[in-house]
Amino acid sequence: MQDIEYNDDDVQDLYAWDSDDEEESHVVRDSQSASEEPVVRESGSDNGSEDADEAERRAERQRALSLAMLVADEVEQNGNDDLPRDANGWFDKLEEDAIDNRTAKGRQNAKPTEAPDSDNEEDDGDLPTDLVKARVSSAPSSSKPAKATVSKEKREAIGKYLAVDCEMVGAGFKGSRSMLARVSIVNYYGHVIMDTFVKPQEQVTDYRTWVSGIRKSDLTNGERFKDVQQQVADLFKDRVVIGHALQNDLRALMLTHPPLMVRDTAKYKAFRKLNNGSAPSLRKLAASVLNINIQEGEHSSVTDAKTTMLLYRKAKDEWEKELHPKRYKVQVKKARTKERFERLRQEIKDQQTR
């Protein structure tokens, strides 16, 4: 039998499949000229078939990895595609996230279970990752804590946080003066607590239907302003009120509310940064923060109130950190001092005019 001589390239090829870059080296050698290819050797053993099977498995894994990378890139580029498209979907998503967080905390606080015997443990070896995950997910999970859901009573209760939005109509010359026409209030979970039309106190000169969505027929059976005002005041008492440009709504309701119990999304610094430091519109905030479109035609005070509550819930943790109790006291002290000085100035003016 004739002896076969091997050169350095041939020896390198014999160990190519043992390296991490086996596929790369294989492709490079296939692209080389025929004169540089290694000599094909015949062998009576099964080593050739085993190498072929191993190469096929490695190639399959490489293709799976490439596919996973493509999917990851697609998700990263279109990350907002899986976000809810309306306010109700966002409330469901936030509730699911809260449930998952509570479940994760429960698992961390739970006592660790004893590790199974290594003799009875199955070795995953070189199984693909997806098969390993499938095996874990198919295992019985009787010890897994059940997800807690918010009860209907709690979801529909008034709660501590209320978001409000009002729609106005025009009164006076060419409708230049705003007048309350509709009040909508939702709770922390987006449940509508109040949605009431208000009878006009004066003659309406402009219903502003194109933006307010209010029509003459809506106000015909509306409630009296004083009754609505009292209902809203009772709801607001001792609760945190959330709104967008809330001073306009309170002015239309002819109500005041303690500044420390107010959360205005038009004044929150993190939201104002999205609009170069000035107050952003609710529509812009909904698009940039929540990825939903609102106010594309006639406005709905219910939708706007829900959107405002969602914006607060998204920023709640950071927002409340900025409102430290010590800062409350400082703000109150400054306000009282300013009020006292204003009163003294007024007394001095009165004395000088006498």
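Parameters and conventions
- Residues numbered from 1 in each chain as written.
- Predicted model: local features only at pLDDT ≥ 70, side-chain atom pairs only at ≥ 80, totals over all residues.
- Heavy atoms only, no water.
- Helix = DSSP H or I, 4+ residues; strand = E, 2+ residues; numbered from the N terminus.
- Buried < 20%, exposed > 50% of the residue type's maximum accessible area, 1.4 Å probe, protein only.
- Contact = heavy atoms within 4.5 Å.
- Areas by Shrake-Rupley, 256 points an atom, 1.4 Å probe, with all protein chains shown as cover.
- Axes fitted to C-alpha atoms, helices over the stretch in contact; angles between N-to-C directions.
- Parallel < 35°, antiparallel > 145°, perpendicular 65-115°, else oblique.
- Left-handed = near helix turned anticlockwise from the far one by under 90°.
- Salt bridge = Lys/Arg side-chain N within 4 Å of Asp/Glu carboxyl O.
- Pairing = 2+ DSSP bridges.
- Expected span 1.5 Å × (residues − 1).
- Arc of directions from axis to C-beta.
- Phe/Tyr/Trp six-rings, centres within 6.5 Å; stacked < 30°, edge-to-face > 60°.

Draft legend 1. A look at the overall build of the chain. Tallying secondary structure elements over the chain gives 14 helices and 6 strands in all. A total of 354 residues make up the chain; the buried ones form 28% of that total. Of the contacts made within the chain by residues no fewer than 6 positions apart, 62% connect residues no fewer than 24 positions apart. Summed over its atoms, the accessible surface of the chain is roughly 25300 Å², and 49% of this surface lies on carbon and sulfur atoms.

Draft legend 2. Here's a closer look at the packing of helix α12 (residues 282–290) against helix α13 (residues 301–322). Packing of α12 against α13 brings their axes to within 11 Å, and their N-to-C directions diverge by 50 degrees. Viewed along their axes, α12 and α13 adopt a mutual orientation that is oblique. As α12 packs across α13, the resulting crossing turns out to be left-handed. When α12 is examined against α13, the residues L282, L285, A286, V289 and L290 are found in contact with a partner set consisting of D304, T307, T308, L310, L311 and K314.

Draft legend 3. Structural detail: the pattern of salt bridges. Counting across every chain of the model gives 7 salt bridges. In this structure, E202 and R177 form a salt bridge, with 2.4 Å as the shortest nitrogen-oxygen distance. Residue E202 is found in the loop between β3 (192–197) and β4 (204–206), and its partner R177 is found in strand β2 (residues 177–186); the two are separated by 25 residues along the sequence. For E202, a relative accessible area of 38% translates into the label partly exposed.

Draft legend 4. Spatial organisation of the pairing of β3. For β2 and β3, the ladder comprises 5 bridges, and the chain directions are antiparallel. Among the inter-strand pairings, V186 is bridged to a residue of β3, identified as V192. The turn joining β2 and β3, which pair antiparallel and follow one another in sequence, is formed by 5 residues; a positive phi near 85 degrees is taken by G190.

Draft legend 5. Main features of helix α9 (residues 225–236). The first and last C-alpha atoms of α9 sit 16 Å apart over 12 residues, in line with the 16 Å expected at 1.5 Å per residue. Taken together, the buried positions of α9 are occupied by F225, V228, Q229, V232, L235 and F236. End-on, the buried residues of α9 take up no more than an arc of 130 degrees, which puts them together on one face. On its buried face, α9 sits against β1 (161–171), β2, β3, β5 (240–243) and α10 (246–253). Count one or two residues on from α9 and you reach D238, which has phi positive near 60 degrees.

Draft legend 6. Summary view of the pairing of β2. Counting buried residues in β2 gives 8 out of 10 residues, a clear majority hidden from the surface. Counted between consecutive antiparallel strands, the loop separating β1 from β2 contains 5 residues, among which G172 sits at a positive phi close to 80 degrees.

Draft legend 7. Broad picture of the packing of aromatic side chains. Taken as a whole, this structure holds 7 aromatic pairs when the rule is applied. A ring pair is formed by Y161 and Y188, whose centres lie 5.5 Å apart and whose planes are at 40 degrees; its orientation type is tilted. Here Y161 is found in strand β1, whereas its partner Y188 is found in the loop between β2 and β3, with 27 residues between them in sequence. Of the two residues examined, Y161 and Y188, each falls in the buried class. Aromatic side chains Y188 and Y189 sit 5.5 Å apart centroid to centroid with 90 degrees between the ring planes, which places their arrangement in the edge-to-face category. With relative accessibility at 16%, the residue Y189 sits in the buried group.

Any link to function would need more than the numbers given here.
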